[in-house]
Amino acid sequence: MKYTIACIIALFLFGKVSAQSKDEAALKAKINGIISKMTLEEKIAMLHGNALFSSAGVPRLSIPELTCDDGPLGVREEIKRFDWASANWTTDSATFLPNGSAIAATWNPLMANKYGVVIGEEANARKKIIMLAPAFNICRMPLCGRTYEYYSEDPYLNSQLAIQSVKGIQSQHVAACIKHFAANNQELNRDSVNTLVDERALREIYFPAFKAAVQQGNAYTVMSAYNKLNGYWCSENDFLLNKVLKNEWGFKGVVMSDWAGTHHTVAAANSGLDIEMGSSGPYDQWYFAKPLLAAVKAGQVSVKTIDDKVSRILWLMYHTSMSANHPKGSIATPEHAKAAYEIASESIVLLKNDNHLLPLKTSAIKSIAVIGDNATRTFALGGYGAGVKAKYEVTALEGIKSRFGKTANISFAQGYRANYMASKTDEQNRGYDKPDQNLIDEAVALAKTSDVAILCVGSNREYESEGHDRKTLELPFGEQALVNAVSAVNPNTIIVIMAGAPYDLGEIKKSNHTIVWSWFNGSEAGNALADVLKGVINPSGKLPFTFPVSLHDSPAFNLDTYPGEGLTADYKEGVLVGYRWYDTKKIEPQFPFGYGLSYTDFSISKLSTDKSSYKKDETIHAIFTIKNTGNKSGAEVVQLYVNDPVCSVLRPEKELKAFEKIFLKPGESKTVEMQVKVADLAFYDESKKGWNAETGDYILELGNSSRNIIHTTKIVVK
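Worth saying up front: this structure is predicted, and the values here are computed from it rather than measured.

Chemist: I would appreciate a short explanation of the state of the cysteines in the present structure.
Modeler: Disulfides are covalent bonds that connect the sulfur atoms of two cysteines. Applying the stated rule across the entire model yields 0 disulfides. C139 takes part in no disulfide bond, and the closest cysteine sulfur to it belongs to C144, at a distance of 7.3 Å. Looking at C144, the relative accessible area reads 4%, which means it is buried.

Below, the structure written as structure tokens:
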């Protein structure tokens, strides 16, 4: 019987693969037929922008334009064809989705998939073929202006989220454009800096999420980064685009440049770039326009190379705009709002709850003071980079009023002025960090007469912005003075921080008993936050990056490699990025990677493996039991790290290799199995130009943050 079933499965899989191969062969033949009918001029026209967010088609052959759109936070509003001004449509309001680090904080690939499906459906409603999302560059240092847009400091967590985000977007026949490839980890000098990264660090830290998104997510598009990598612009980096991406990983799709991120014609064309994009014309003068035509005629770029680029574009189109049964799409629907709420709800991190003030006991609370500019601020727009014309966005104050307003009097005080604009110079922004004593006095007066004070501080989309990095870890706008003043007069003060990147919370951590971390959390942010405060939602978010005690603790600053010397940033820390650095160097963080509390308690027990020793082609099955020992339903993120105690090269103290978010009712227990391939224990051996899983002992470490390891067990690799 087992043999019969195995044969049936084998025949099914073979048939499926065979059918796919036939389909691919037929598509390739169709594409070759189209290319044979095209003139060289028509081919070249497809390889560069003809407007801000499109490149040309071939109308006589019924090939449409290739249209794209910004996407990490949702489909942006329609802009004019040739400049960044709004097109003033009335039908382009979209769903504002939680930012990248919020998605990462869910530690739940299902939430990344939900995000992707919403993006894809809304892109279809707007006739966009490529969404410039997801963005998941590694959070190498905490001040990067786009940390809010990216995911985490860990390549494995990034990979699992990227795969599902891409799958979600592309399930709607819309191309995901994964970005920015590669080692684009700072905004300061991003368009001129040369990042020096050894191959081991590239392979272990900066490449894995891109590789996973290509090979497991089947991403249709990749965007090259602005910076140079090891001396070559990313848009003309043969190692990056040809050797690794296209040849080694088998990428079938299109490589497009970041906007105005192309620097030469011949080098870029021969090194793997397929489409040049940018912000302004004249478009026929771009590197991939008339100069490329001239280069082909001069024999500097082959027609075969041009045909490969056009073939990739057509392949992408036949999977998207020219695909069969193309979905119609929908935009800003109740279903999309629900998805945004679910992601936001799972992303919120409870950092401290020493007095068990949360969840708030509504029967005992008659008055709530909501304080802080962030309580009424929206985050869909602001600063440089992609934003969303949100159909609506629930603020923290609105959410708190809707959840608590029937039983308590809700009052508001601004508390501080967020006097900072990304478009202004340092001189024009001078004084942004000074507290406003009049606003503090008003907030203190309100807090004194309220049962509870909810203090909404943190950052905003002007302060954390594409195009520049922060200069400090300190909370902006004089917020610490406000926190101190309000906390001094109201013992029931809850600190809610809304931001997308690490900040120095040292004084707050020391002096305040209740801290909640929210994000730029989408259209439903206020409702999700209020439901966490009320206990309708039990917080289950975990930090996707380490919060350092001081900036000097961060490897890029400790080794003085940021922002770089002479426009060169030498990544001297190698593979010791994020918690790998802090844990290996025994540097105590303010809050560790993977940290987050709950309103209930969990016990983790009985860690074991299916075997004690493994061959290099086998898979480790780690088994444990988790129980909700509290009295509320909740979710714990169990994290499996691996330590290689004896190795021929320096390895991090631990590396994340598996995780799972587990939802349990009070008293419920569950036996969970995590699988790790022995091959995934390998390091990249530069001397052998390949992966090396050395024989010997490895320690599996199970916990709920990088610093809270609950159980360990040893295995042997033979």
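Chemist: Please clarify how the side chain of E466 should be interpreted in this entry.
Modeler: By the element assignment, E466 lies in the loop between β14 (452-458) and α15 (479-489). Side-chain polar atoms of E466 contact the side chain of R190, separated by 2.8 Å.

Chemist: Teacher, can you tell me more about unusual backbone geometry here?
Modeler: One can expect most non-glycine residues to show negative phi and most peptide bonds to be in trans. Cis geometry marks the peptide bond from A133 to P134, where omega comes out at 0 degrees. In this structure, P134 sits in the loop between β4 (130-132) and α5 (155-170). A cis geometry characterises the amide bond from L358 onward to P359, with omega recorded as -5 degrees. Considering the arrangement of structural elements, one finds P359 in the loop between β11 (349-353) and β12 (367-371). In this structure, W107 is a non-glycine residue whose phi angle is positive, near 50 degrees. With respect to the helices and strands, W107 occurs in the loop between α3 (100-105) and α4 (109-125). The class for W107 is buried, based on a relative accessible area of 0%.

Chemist: Can you walk me through helix α7 (residues 208-215) in this structure?
Modeler: In an α-helix, one turn spans 3.6 residues; hence positions three or four apart end up facing the same way. The element α7 is largely enclosed, with a buried count of 6 among its 8 residues. Taken together, the buried positions of α7 are P208, A209, F210, A212, A213 and V214. In this structure, the buried residues of α7 make contact with α5, β5 (175-181), α6 (199-206), β7 (221-224) and α8 (238-248).

Chemist: Would you explain the packing of aromatic side chains in this entry?
Modeler: Counting across every chain of the model gives 34 aromatic pairs. Between F181 and F210 the ring centres are 4.9 Å apart and the planes differ by 50 degrees, which places this aromatic pair in the tilted class. You can see F181 sitting in strand β5 and its partner F210 sitting in helix α7, a full 29 residues away along the chain. Assigned by exposure class, F181 and F210 land together as buried.

Chemist: What exactly am I supposed to notice about the sheet that holds strand β23 (residues 669-677) here?
Modeler: The strands making up a sheet are joined through hydrogen bonds of the backbone, oriented either antiparallel or parallel. Across the sheet, 3 strands lie side by side as β18-β20-β23; this open sheet has antiparallel pairing. The open sheet has two free edges, formed respectively by β18 (602-609) and β23, since each of these has just one partner strand. Neighbour-to-neighbour, the strand axes of the sheet open up by a mean angle of 25 degrees, direction not taken into account. With 6 bridges joining them, β18 and strand β20 (residues 619-628) adopt antiparallel strand pairing. Looking across to β20, one finds that F602 is bridged to N628.

Chemist: Is there a simple way to explain the pairing of β12 in this structure?
Modeler: Each regular strand shows side chains that alternate between the opposite faces of the sheet. Of all 5 residues in β12, 5 are buried; the element is thus mostly enclosed. Residues S367, A369 and I371 point to one face of β12 and I368 and V370 to the other, with burial holding for every one of them. Bridging between β12 and strand β13 (residues 409-413) involves 5 bridges; their strand directions are parallel. Within β13, the residue paired with V370 across the bridge is F412. With helix α13 (residues 396-404) bridging β12 and its parallel neighbour β13, the resulting β-α-β unit is right-handed.

Chemist: Help me out: how do you make sense of the environment of I400 in this one?
Modeler: Structurally, the position occupied by I400 is in helix α13. Take I400: its relative accessible area is 0%, and that puts it in the buried class. Placed 128 residues apart in sequence, I400 and A528 show a C-alpha to C-alpha distance of 9.6 Å. Apart from the residues within four sequence positions on either side, I400 is in contact with V370, G405, I410, I454, A530 and L533.

Chemist: Can you walk me through the pairing of β5 in this structure?
Modeler: With 7 of its 7 residues buried, β5 lies for the most part within the structure. Where β4 and β5 come together, 2 bridges link them in parallel fashion. The residue of β5 that forms the bridge with I130 is A175. Crossover β4 to β5 through α5 is right-handed. For β5 and β7, the ladder comprises 3 bridges, and the chain directions are parallel. Within the sheet, the bridge partner assigned to I178 lies in β7 and is V222.

Chemist: I'm lost on the packing of α6 against α8 in this one. Help?
Modeler: Packed helices, taken two at a time, are described by the angle their axes make and the gap between the axes. At their nearest, the axes of α6 and α8 sit 14 Å apart, and the two run at 50 degrees to each other. Considering their axes alone, α6 and α8 lie oblique with respect to each other. For the crossing formed where α6 meets α8, the hand is right-handed. Each of E199, L202 and R203 in α6 lies in contact with α8, whose residues at this interface are F239, K243, V244 and E248.

Chemist: Whenever I open this one, the sheet that holds strand β17 (residues 568-570) confuses me. Can you help?
Modeler: A sheet is described by the order of its strands in space; here 4 strands give the open sequence β9-β8-β6-β17, paired in mixed fashion. Both outer strands of the open sheet, β9 (232-233) and β17, are each paired with one neighbouring strand and no more. Where strand β6 (residues 194-196) meets β17, 3 bridges bridge the pair, whose relative direction is parallel. The residue bridging N194 from the neighbouring strand is T568, located in β17.

Chemist: What should I look at first to understand the layout of surface pockets in this one?
Modeler: Empty space among the atoms becomes apparent when a probe as large as a water molecule is rolled across them. For the largest pocket, the calculated volume is near 1,100 Å³. Along its surface, the largest pocket is lined by 37 residues, and Y156, S159, Q160, Q216 and D680 are the ones closest to its centre. Those elements that place two or more of their residues in the lining of the largest pocket are α5, α6, α7, β22 (655-664) and β23. Grouping the constituent residues of the lining of the largest pocket by class yields 18 nonpolar, 6 polar and 13 charged.

Chemist: What is the right way to look at the packing of helix α14 (residues 437-448) against α15 in this model?
Modeler: The contact between α14 and α15 brings their axes to 9 Å, and the two run at 25 degrees. On the basis of their axis angle, the class for α14 and α15 is roughly parallel. Viewed along their axes, α14 and α15 form a crossing whose handedness is right-handed. Facing I440, A443, V444, A447 and K448 of α14, the residues of α15 in contact are A481, L482, A485, V486 and V489. In terms of residue class, the contact of α14 with α15 is built from 9 nonpolar, no polar and 1 charged.

Basis of the calculations
Residues numbered from 1 in each chain as written. Predicted model: local features only at pLDDT ≥ 70, side-chain atom pairs only at ≥ 80, totals over all residues. Heavy atoms only, no water. Disulfide = S-S within 2.5 Å. Buried < 20%, exposed > 50% of the residue type's maximum accessible area, 1.4 Å probe, protein only. Helix = DSSP H or I, 4+ residues; strand = E, 2+ residues; numbered from the N terminus. Polar contact = N/O pair within 3.5 Å; in protein donor to acceptor, adjacent residues only side chain to side chain. Contact = heavy atoms within 4.5 Å. Phe/Tyr/Trp six-rings, centres within 6.5 Å; stacked < 30°, edge-to-face > 60°. Pairing = 2+ DSSP bridges. Axes fitted to C-alpha atoms, helices over the stretch in contact; angles between N-to-C directions. Right-handed = clockwise from strand over helix to strand, strands pointing away. Parallel < 35°, antiparallel > 145°, perpendicular 65-115°, else oblique. Left-handed = near helix turned anticlockwise from the far one by under 90°. 1 Å grid on protein atoms, 1.4 Å probe; cavity = no way out; pocket = protein on both sides within 12 Å on 5 of 7 lines; lining within 4 Å. Points joined across faces, edges and corners; volume = space filled by probe spheres on them. Nonpolar A, V, L, I, M, F, W, Y, C, P; charged D, E, K, R; others polar.

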